[in-house]
Each structure stands twice: as structure tokens, then as C-alpha cells.
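# Structural characterization, general
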Amino acid sequence: LGLLECCARCLIGAPFASLVATGLCFFGVALFCGCGHEALTGTEQLIETYFSKNYQDYEYLIDVIHAFQYVIYGMASFFFLYGALLLAEGFYTTGAVRQIFGDYKTTICGKGLSATVTGGPKGRGARGPQRAHSLQRVCQCLGKWLGHPDKFVGITYVLTIIWLVVFACSAVPVYIYFNTWTTCQSIANPSKTSASIGTLCADARMYGVLPWNAFPGKVCGSNLLSICKTSEFQMTFHLFIVAFVGAAATLVSLLTFMIAATYNFAVLKLMGRGTKF
């Protein structure tokens with residue numbers, strides 16, 4: 001019974017919203033960065049092989065792709081670190097909120113963390129100064145560092161706005177590849193379209209991928225259909241779709257983090273326990 005009671009108390013103090021958001025964040029960032037990196041590499045190969053014979057036509061595009069791939073490395077590292085910090089902040093503020101409502105009895109570490117928010121004992125009792133447990137001291141220092149949920153809310157809000165732009169940009173290559181795939185389906189089934197097969201083309205120049213003086217810049221008819229049947233095209237298309245799904249999962253995780261952190265901070269403020277934030 002004692003073990004069950006201990007487990008129940010630990011579950012009560014667990015920030016389930018932050019745990020779910022952390023899992024979504026790690027999952028989404030891994031999909032977006034990993035699949036996005038490989039999809040950009042596949043796009044580079046398709047442009048070099050089928051859409052331009054002159055390196056100068058796509059030199060700038062390759063530089064942009066390589067630069068964005070390096071940005072992906074930094075983005076992955078940052079979000080994995082920031083997700084861990086938000087999870088720690090979730091444990092921190094959730095423990096303080098549950099202690100206020102009286103349905104969660106903290107451990108030694110929990111007391112050290114929540115004391116910086118709730119204004120609890122700081123080592124002085126009725127008999128004068130008391131020696132604080134070494135683990136509690138460490139947790140008090142950690143609590144002072146994490147004791148700014150309002151700042152975490154603000155940073156997460158800014159990141160959410162930035163990630164909305166990233167999410168919108170991740171939809172662009174999906175749109176381009178989907179249009180190309182749709183054109184290939186029309187070529188494969190000429191009875192379903194009134195246009196001539198030779199006039200059905202995929203033009204990389206109209207999307208800004210290549211300059212207008214690039215040659216040939218576009219592929220039409222049966223040549224385009226043969227490209228769509230290659231494993232490189234199919235793999236790149238699906239990788240961009242998975243990267244788009246990963247961006248959506250990361251956006252949902254950031255929104256969940258922001259809602260949970262805002263709720264905890266609002267409760268602490270309204271209860272008069274967060275005046276030191």
C-alpha cells in the first residue's frame with residue numbers, strides 16, 4: 001500500500017501536458033530535420049540531373065540548400081535542449097501548483113524547487129536556523145534558475161510565431177511536388193485530360209527554383225513521366241511530406257507547452273504566490 005501511495009503521489013505531481021508536448025516536440029523535430037535534410041539533398045540531385053545542364057544556373061540554389069542543411073543541425077540541437085528545459089519547467093511549476101491546492105506532497109527535492117515559488121521555508125523554523133539538506137539546496141538553486149515561467153511563456157510564444165513561418169515554408173515544396181505528381185498522372189492517363197501530352201510540363205523556373213534563363217528549366221510529356229517514376233522523385237516527395245508532418249507536430253507541441261506554462265503561471269499569480277517572478 002505504501003508503494004502504491006507513493007506512486008500515486010508521483011503521478012499526481014507529473015506534468016502530463018508537458019510530457020506529451022515534449023514527446024511531440026522531439027518526434028516532430030526529428031522528422032522535420034532528418035527528412036527535410038534528405039529531401040533537400042534529393043531535390044539537388046533532381047535539379048542537376050533533369051532541369052539544368054549549366055552549373056551556374058543552380059549554383060545559388062545549391063548554396064541555399066547547403067546553408068539550410070546547416071541551419072537544420074542547429075535547429076535540431078536547440079529544440080532538443082529547449083524541450084528538455086520546458087519539461088523541467090513543467091515539473092517545477094506543476095509541483096508548486098499542486099502544493100498550493102494541497103493534493104500533492106512534495107519530496108525533499110520538490111520542497112526545494114517549490115520553495116522559490118511558493119515562498120515556503122528557507123531553512124529557518126521555530127527553533128532558529130536549520131541545516132538544509134544538500135539535495136534540497138541543489139534543488140533550490142535549480143528552482144531559482146527555473147523560477148521565471150513568465151519568461152518561458154514569452155520565449156515559447158516567440159518560437160511559436162517563428163515556427164508558424166517554418167511550417168508554412170515546409171508546405172511549399174510539398175505543393176510543388178504535388179503539382180508535378182498531378183501533371184504526371186495526367187500524362188499517364190491522357191483520356192482524363194483534353195490537353196496534349198507534349199504541353200504538360202513541370203517548370204522549375206516558375207517556382208523560383210531556377211532563373212528564367214536556365215536551360216532547359218522544364219521537362220514535358222513522357223520525359224516528365226519517366227522522372228516521376230524514378231525512386232529519387234518518389235522518395236523526395238514522401239520525405240517532404242513527412243517533414244511537413246513533423247513541422248505540424250512541433251507546432252502542436254509548442255502550443256501545448258505555451259498553454260500549460262501560461263496556466264501554471266496564472267494560477268501562481270492569482271494565488272498570490274508568484275509575486276517574485
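Please refer to the structure higher up on the page.
The structure presented is a predicted model; accordingly, all values stated were derived computationally and were not measured.

The rules behind each value
- Residues numbered from 1 in each chain as written.
- Predicted model: local features only at pLDDT ≥ 70, side-chain atom pairs only at ≥ 80, totals over all residues.
- Heavy atoms only, no water.
- 1 Å grid on protein atoms, 1.4 Å probe; cavity = no way out; pocket = protein on both sides within 12 Å on 5 of 7 lines; lining within 4 Å.
- Points joined across faces, edges and corners; volume = space filled by probe spheres on them.
- Helix = DSSP H or I, 4+ residues; strand = E, 2+ residues; numbered from the N terminus.
- Nonpolar A, V, L, I, M, F, W, Y, C, P; charged D, E, K, R; others polar.
- Patch = residues over 30% accessible without salt bridge, like charges linked within 9 Å, V, L, I, M, F, W, Y side chains within 5 Å.
- Areas by Shrake-Rupley, 256 points an atom, 1.4 Å probe, with all protein chains shown as cover.
- Salt bridge = Lys/Arg side-chain N within 4 Å of Asp/Glu carboxyl O.
- Buried < 20%, exposed > 50% of the residue type's maximum accessible area, 1.4 Å probe, protein only.
- Arc of directions from axis to C-beta.

### Some points on empty space enclosed by the protein
Scanning the model with the defined rule gives 1 cavity of 30 Å³ or more in all. Considered as a void within the structure, the largest cavity measures approximately 60 Å³ in volume. Considering the residues around the largest cavity, the lining is formed by S18, L86, E89, G90, T93, F257, A260, A261 and N264. For the lining of the largest cavity, the elements supplying multiple residues, two or more each, are α3 (55–101) and α8 (231–270). Class assignment of the residues belonging to the lining of the largest cavity gives a composition of 4 nonpolar, 4 polar and 1 charged.

### Some points on a nonpolar patch on the surface
A cluster of nonpolar side chains, contributed by Y157, V158, I161, I162 and L164, occupies part of the molecular surface with about 460 Å² of accessible area. Of note, V158 is situated in helix α6 (residues 149–188).

### Digging into helix α7 (residues 221–228)
Taken as a whole, α7 has its buried residues at G221, L224, L225, I227 and C228. The buried residues of α7 occupy an angular sector of 160° when projected down its axis, which confines them to one face. Among the exposed residues of α7, those oriented more than 90 degrees off its buried face are S222 and N223.

### A look at the layout of surface pockets
For the largest pocket, the calculated volume is near 910 Å³. Lining of the largest pocket is provided by 37 residues; of these, L40, T43, P173, V209 and F240 occupy positions nearest its centre. The set of elements that each furnish at least two residues to the lining of the largest pocket consists of α2 (16–51), α3, α6, β3 (201–203), α7 and α8. For the lining of the largest pocket, the element with the highest residue contribution is α6, accounting for 8 residues. The residue inventory of the lining of the largest pocket, partitioned by class, reads 30 nonpolar, 5 polar and 2 charged.

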